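# Inside the fold
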Amino acid sequence: MKAIVIYSSQTGFTKKYAEWISEASGAECVEFKKARKVKLAEYDAVIFGGWFMAGGIKNLAWFRKQIPSLASAGKKLIVYGVGGSPAESPEIAEGLKRNFTDQEWNSVKAFYCPGGFNYDKMSAMSKFMMKMFTTMLANKKDATEAERNMAQMITHSYDISDKKYIEPILAELK
């Protein structure tokens, strides 16, 4: 099966997963900035990876435009979103689904891969947004335990990425 992994990464976690998927599957690996030059119709499987920002997967809009033609051609379509939440967070499944229409959701297999935060590699705007989010969570009067834990977790850089999270993606490629 000829496959390609296209990824959009800000701080390196999504790129790390793209490289792991590529190494394990033999798929070509291409950064999003170069994806417009790729002829996706030449591949049996197209995997898109992006990082979560404010509930959306970065650059997913571009991939979503490709879904109708690729799905009608019988291509395997996989999306993975990388975020700072642990994989067992209850909001993950709904967060993934919110990024697609019902029709797209039926054409794509979507996965979540926990990454982390690397404040040294974040843009100034991302750092600012995270500071605001952290402050909001910390000051929330009726915060749940999960929200309090998240507020504590995101105050500093951390890495919870693990190769085990690509296993379902690799299984889907077979």
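These notes cover the structure that comes with them. (Residues numbered from 1 in each chain as written. Predicted model: local features only at pLDDT ≥ 70, side-chain atom pairs only at ≥ 80, totals over all residues. Heavy atoms only, no water.)

The next thing to look at is the layout of surface pockets. To find leftover empty space, one rolls a probe the size of a water molecule over the atoms. Its boundaries defined by the atoms lining it, the largest pocket holds a volume of some 1,100 Å³. What lines the largest pocket is a set of 40 residues, among which Gly 84, Ser 85, Phe 117, Phe 133 and Met 150 lie closest to the centre. Where the lining of the largest pocket is concerned, the elements lending two or more residues are helix H1 (13-25), strand E3 (45-53), strand E5 (76-83), helix H3 (92-97), strand E7 (116-117), helix H5 (124-139) and helix H6 (145-153). Among the elements that make up the lining of the largest pocket, the one with the highest residue count is H5 (six residues). (1 Å grid on protein atoms, 1.4 Å probe; cavity = no way out; pocket = protein on both sides within 12 Å on 5 of 7 lines; lining within 4 Å. Points joined across faces, edges and corners; volume = space filled by probe spheres on them. Helix = DSSP H or I, 4+ residues; strand = E, 2+ residues; numbered from the N terminus.)

Now for the environment of Tyr 17. Counting through the fold element by element, Tyr 17 comes out in helix H1. Considering only alpha carbons, one finds Tyr 17 and Glu 28, eleven residues apart in sequence, at a separation of 13 Å. Residues within four places of Tyr 17 in sequence aside, it is in contact with Tyr 80, Val 82, Cys 113, Pro 114, Ser 161, Asp 162, Tyr 165 and Ile 166. (Contact = heavy atoms within 4.5 Å.)

This part takes up the side chain of Thr 14. If you trace the backbone, Thr 14 turns up in helix H1. Filtering out sequence-adjacent residues up to four positions away, Thr 14 remains in contact with Tyr 7, Ser 8, Ser 9, Gly 49, Gly 50, Trp 51, Tyr 80 and Val 82.

With that settled, consider the pairing of E3. The buried fraction of E3 is high, at seven of nine residues. Where E3 meets E5, seven bridges bridge the pair, whose relative direction is parallel. In the strand pairing of E5, Ala 45 is matched with Lys 76. As judged from the two bridges shared by E3 and strand E4 (residues 56-57), these two strands associate in the antiparallel manner. The residue of E4 that forms the bridge with Phe 52 is Ile 57. (Buried < 20%, exposed > 50% of the residue type's maximum accessible area, 1.4 Å probe, protein only. Pairing = 2+ DSSP bridges.)

Counting 24 residues, the largest nonpolar core has Ile 6, Val 46, Phe 48 and Phe 63 as the members making the most contacts within it. By residue number, the principal contributor to this core is helix H2 (residues 60-72), which donates five residues. The residues touching Val 46, leaving out its near neighbours within four places in the chain, are Ile 4, Ile 6, Leu 40, Phe 63, Leu 70, Lys 76, Leu 77 and Ile 78. With 21 residues, the next largest nonpolar core counts Ala 3, Phe 13, Ile 21 and Ile 166 among its residues. (Core = buried A, V, L, I, M, F, W, Y, C linked by side-chain atoms within 4.5 Å.)

Right, let's get into the pairing of E5. Most of E5 is tucked away: seven of the eight residues are buried. Sheet topology note: the E5/strand E6 (residues 109-114) ladder contains six bridges and is parallel. Residue pairing for E6: Gly 81 is matched across the bridge by Tyr 112.

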